[in-house]
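The primary structure of each chain is shown beneath.
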Amino acid sequence: MDQLTGFQRDLLYVIAGKDRPSGQQILDDINGYIDQPVTHGRLYPNLDTLVDKELVEKGQLDRRTNYYALTPKGKRELQHRQEWVGQYVDVVGSH
């Protein structure tokens, strides 16, 4: 997880929050969060990297549309990341 870019980690969070989203759904969500629009040319190579690292699985919804889902390894890594961040950041606390 520490070898991922911030953008790739953001993609993991988007995928985790959806039920087998398509690339277009991921793109729409990430563009709702990031100031500069993300292009297909940036999105898909980063999704492929997550697949190559076995954090995300890629499957087919139909002939034209792929879905993405966290693998068990991806879920563990994301949970570990959340626990690590939680040690340092208390967003809803009284600080």
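Calculation rules
Residues numbered from 1 in each chain as written. Predicted model: local features only at pLDDT ≥ 70, side-chain atom pairs only at ≥ 80, totals over all residues. Heavy atoms only, no water. Helix = DSSP H or I, 4+ residues; strand = E, 2+ residues; numbered from the N terminus. Buried < 20%, exposed > 50% of the residue type's maximum accessible area, 1.4 Å probe, protein only. Areas by Shrake-Rupley, 256 points an atom, 1.4 Å probe, with all protein chains shown as cover. Lys, Arg positive; Asp, Glu negative; His and termini not counted. Charge placed at Lys NZ, Arg CZ, Asp CG, Glu CD. Axes fitted to C-alpha atoms, helices over the stretch in contact; angles between N-to-C directions. Parallel < 35°, antiparallel > 145°, perpendicular 65-115°, else oblique. Left-handed = near helix turned anticlockwise from the far one by under 90°. Contact = heavy atoms within 4.5 Å. Nonpolar A, V, L, I, M, F, W, Y, C, P; charged D, E, K, R; others polar. Core = buried A, V, L, I, M, F, W, Y, C linked by side-chain atoms within 4.5 Å.

Before going further, it helps to examine the overall build of the protein chain. Of the regular secondary structure elements, the protein chain holds four helices and two strands. The secondary structure elements of the protein chain, listed N-terminal to C-terminal, are α-α-α-β-β-α. Judged by the C-alpha coordinates and their principal axes, the protein chain covers about 50 × 30 × 25 Å. Counting all 95 residues of the protein chain, 33% fall into the buried class. By element, 45% of the accessible surface of the protein chain is carried by carbon and sulfur atoms, the whole surface being about 6,600 Å². Within the protein chain, one finds 12 positive and 14 negative side-chain charges whose respective centroids are separated by 5 Å.

Now for the packing of helix H1 (residues 6-16) against helix H2 (residues 23-31). Helices that pack against each other are described as a pair by the angle of their axes relative to one another and the distance between those axes. Between H1 and H2, the least distance of the axes is 10 Å, while the angle of their chain directions is 115°. With respect to each other, H1 and H2 are oriented roughly perpendicular. By crossing handedness, the relation of H1 to H2 is classed as right-handed. Contacts between H1 and H2 involve Phe-7, Asp-10, Leu-11, Val-14 and Ile-15 on the former and, on the latter, Ile-26, Asp-29 and Ile-30. For the contact of H1 with H2, a count of residues per class yields six nonpolar, no polar and two charged.

With that out of the way, let us pick up the nonpolar core. Among the nonpolar cores identified, the biggest contains 20 residues, and Leu-11, Leu-12, Ile-26 and Val-56 are the most heavily contacted of them. Elements with a contribution of two residues or more to this core: H1, H2, helix H3 (40-52) and strand E2 (66-70). Considering every element that reaches this core, the biggest residue donor is H1, with five residues. Leaving out residues up to four positions away in the same chain, Leu-11 has contacts with Ile-26, Ile-30, Leu-43, Asn-46, Leu-47 and Leu-50.

Structural measurements only, silent on function.
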